[in-house]
Amino acid sequence: MTLIIRGIIWYGFYLFLILLPLITALLAQPARAAQPFLVELAVGAGFVGFALMSMEFALISRINAAAQPFGEDSLQLFHNLMGITALGFILAHPILLVISGYPAGCWLNPFAACANVATQTAALSLYLLLALIITSVWRKKLRIRYEAWYVMHGLFALVVLGAALVHIIVLGRYTSTAALKAIWILYAVLVLGMVLWFKILTPIRNWNKKWEVIENRVELGDSRTLVLKPVGHGGFDFQSGQFAWLKAGRTPFGLGQHPISMSSAGDVEPGGTVSFTIRNLGDWSGKQVPALKPGDTMWLDGPHGVFSIDREQAMGYVLIGGGVGITPLHSMCQTMAKRGDPRPVVLFYGAENEESLTLFDDLQALTRRMNLTVVPVLDSPSDAWEGETGYISADIMRRYVPEQVRWFKFLICGPDPLMDAMEEALPAVGIPPENVLTERFDMV
């Protein structure tokens, strides 16, 4: 089955999740009394918001068949946008009802005398959704640890959807017939099934796929490389540029899963090792990762992602990375060198200073094994630095890319400022959008 067909199937599934609540509203129309226009509009907004929230579980369920046509980071971005869009529709629901004459106190205050189960569950769903969005968008500014946020995010999402479903059932206007009840049961089963797949079935499938740390070495740029080997199984092969979810501990269940790109070469032989280079960006990467030692157990869920040269065939490649975004690009270069691939590669590496150039020595060594040009661009270099300075720009790229660059593929991975800057720089170099593949490594 091709990726295009898979994409069509999953687009259809997402559309189904969105339309099914609206279909139930239409089916229920003959069975209930007509309502004023604003009330009907409010109901429609509520159903659309509920449907978009339900779809969120499909977007983060880590089902490869769904993620491969789009890319995991694209689904994550879409997940973020749809969460905010769902909030807009759900906010419109009580606002329109209040405008149409419903008492605001009964909706906004769950402890009011006029409140009932229907309004209380609606208020609970709304307030928790607001908390979910706020803690996600401003997690770093609020200094919420990733692990704590991960728990809150999952629990809030389940309660938001569950409370909204109770709200619909208690009102009874859209569950008045056997057919409508069957539709809502089907909907609940689909959503619950995706949650079970993500939280229960995936860890169970990984239960017999333990990995062991065999090396934990220090790298430049306040980073560490973990080298893992499979224990009692053949491990996995991956396409250079992909990532996996890492977790330490006795079992694959529980908290602490983090998305990390592989930094070693793809085309892994059965039983071969896999490496991950992790920069100190928080509690887990700065405290727990340095504490890992040879013999410790790790669990991997992967490979995931479509950010790979294997999916983007071209005459040559221009790789642009910054910060820890260099790790998937390092994997691509390692893989090409391992294969003896003669195609030209130009790697632009943005960093703060010489001490921030994670894996730079490895990349320099690769220039002797493949047709690779490495161009570090430093923002705050030492006085002894003789290379490029400032930020990666169109002028710098023009000095190094070959004349045939329009037939090259550009792969970019890094923090948001780098990605945003490249959106302006690449058109100035004459690169068409279809030749550019990006991955933003912040999955939260």
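Data block above holds the structure.
Here the structure is a predicted model, which is why all the values come from computation and not from measurement. (Residues numbered from 1 in each chain as written. Predicted model: local features only at pLDDT ≥ 70, side-chain atom pairs only at ≥ 80, totals over all residues. Heavy atoms only, no water.)

Draft legend 1. Seen up close, the nonpolar core. Counting residues in each nonpolar core, the largest one holds 36 residues, and the members touching the most others are F50, M53, F57, L129 and W184. Among the secondary structure elements, those contributing two or more residues to this core are α2 (37-59), α4 (72-99), α6 (117-137), α7 (146-171) and α8 (178-205). Sorting elements by how many residues they give to this core places α2 first, with 11 residues. (Core = buried A, V, L, I, M, F, W, Y, C linked by side-chain atoms within 4.5 Å. Buried < 20%, exposed > 50% of the residue type's maximum accessible area, 1.4 Å probe, protein only. Helix = DSSP H or I, 4+ residues; strand = E, 2+ residues; numbered from the N terminus.)

Draft legend 2. Main features of the packing of α7 against α8. Axis separation between α7 and α8 bottoms out at 12 Å; the angle between their running directions is 170 degrees. By the angle between their axes, α7 is roughly antiparallel relative to α8. Every residue of α8 that contacts α7 at Y150, L158, L161, L165 and I168 is listed here: W184, A188, V191, V195, F198 and K199. Classifying every residue of the contact of α7 with α8 gives 10 nonpolar, no polar and one charged. (Axes fitted to C-alpha atoms, helices over the stretch in contact; angles between N-to-C directions. Parallel < 35°, antiparallel > 145°, perpendicular 65-115°, else oblique. Contact = heavy atoms within 4.5 Å. Nonpolar A, V, L, I, M, F, W, Y, C, P; charged D, E, K, R; others polar.)

Draft legend 3. Up close: helix α10 (residues 326-339). Its 14 residues place the ends of α10 20 Å apart at the C-alpha level, agreeing with the 20 Å of an ideal helix rising 1.5 Å per residue. Across the 14 residues of α10, 12 count as buried, placing the element largely inside the fold. Of all the positions in α10, only I326, T327, P328, L329, H330, S331, M332, C333, Q334, T335, M336 and A337 are classed as buried. (Expected span 1.5 Å × (residues − 1).)

Draft legend 4. A look at the packing of aromatic side chains. For the structure on display, the rule yields five aromatic pairs. Relative to F236, the ring of W211 lies with its centre 5.4 Å away and its plane at 55 degrees, an arrangement referred to as tilted. Residue W211 is found in strand β1 (residues 210-219), and its partner F236 is found in the loop between β2 (223-231) and β3 (243-248); the two are separated by 25 residues along the sequence. Judged by relative accessible area, which is 2%, W211 ranks as buried. (Phe/Tyr/Trp six-rings, centres within 6.5 Å; stacked < 30°, edge-to-face > 60°.)

Draft legend 5. Quick look at α7. Taking 1.5 Å of rise per residue, 26 residues should cover 38 Å, and α7 covers 37 Å from first to last C-alpha, within 8% of that figure. At the C-terminal side of α7, G172 shows a positive phi close to 75 degrees.

Draft legend 6. Spatial organisation of the environment of P415. Position of P415 among the secondary structure elements: in the loop between β11 (409-414) and α13 (416-429). Sequence separation between P415 and G321 is 94 residues; the distance between their C-alpha atoms is 8.7 Å.

Draft legend 7. Spotlight on the side chain of T327. Structurally, T327 can be placed in helix α10. Judged by its relative accessible area of 3%, T327 is buried. Not counting residues within four places of it along the chain, the set of residues in contact with T327 comprises S261, M262, S263, T277 and L359.

Draft legend 8. Representation of the pairing of strand β6 (residues 297-304). Most of β6 is tucked away, with six of its eight residues classed as buried. Sheet topology note: the β1/β6 ladder contains three bridges and is antiparallel. Pairing of K210 across the sheet is with W299, part of β6. Examined bridge by bridge, β3 and β6 share five bridges and lie antiparallel to one another. When the sheet's bridge partners are listed, L246 is paired in β6 with L300. (Pairing = 2+ DSSP bridges.)

Draft legend 9. Geometry of the environment of S382. Tracing the sequence through the fold places S382 in the loop between β9 (372-378) and β10 (388-389). What makes S382 partly exposed here is its relative accessible area of 35%. Sequence separation between S382 and E354 is 28 residues, and the spatial gap between their C-alpha atoms is 7.5 Å.

Draft legend 10. Layout of the sheet that holds β6. In spatial order, the strands read β4-β3-β6-β1-β2-β5; together these six strands make up an open sheet with antiparallel pairing. The open sheet has two edge strands with one neighbour each: β4 (258-261) and β5 (274-279). For this sheet the average axis-to-axis angle between neighbouring strands, irrespective of direction, equals 40 degrees. Taken together, the nine bridges between β1 and β2 define a ladder with antiparallel strand orientation. From the neighbouring strand, N216 faces β2, where its bridge partner is L226.

Draft legend 11. Focus on the side chain of E219. In this fold, E219 is placed in strand β1. Its relative accessible area of 16% is what places E219 among the buried residues. A polar contact of 2.7 Å, which involves the side chain of E219, links it to the side chain of T225. E219 has contacts with R224, T225, T277, T358 and L359, leaving out every residue within four places of it along the chain. (Polar contact = N/O pair within 3.5 Å; in protein donor to acceptor, adjacent residues only side chain to side chain.)

Draft legend 12. Layout of the pattern of salt bridges. If you walk through the whole model with that rule in mind, you get nine salt bridges. Measuring nitrogen to oxygen at the nearest pair gives 3.0 Å for the salt bridge that ties R217 to E219. On the basis of relative accessible area, R217 is assigned to the partly exposed category, the value being 29%. A salt bridge links R399 to E388; its shortest N-O distance comes to 2.7 Å. With a gap of 11 residues between them, R399 in the loop between α12 (394-398) and β11 and E388 in strand β10 connect regions that are remote in the sequence. The class for R399 is exposed, based on a relative accessible area of 51%. Within the structure, one salt-bridge network assembled from shared partners comprises E215, R217 and E219. (Salt bridge = Lys/Arg side-chain N within 4 Å of Asp/Glu carboxyl O.)

Draft legend 13. Region of the structure containing the packing of α6 against α7. Relative to each other, α6 and α7 sit at 155 degrees, their axes nearing to 8 Å. Of the possible angle classes, the one that applies to α6 and α7 is roughly antiparallel. Viewed along their axes, α6 and α7 form a crossing whose handedness is left-handed. Here the contact of α6 with α7 is built from residues that sort into 19 nonpolar, six polar and no charged. (Left-handed = near helix turned anticlockwise from the far one by under 90°.)

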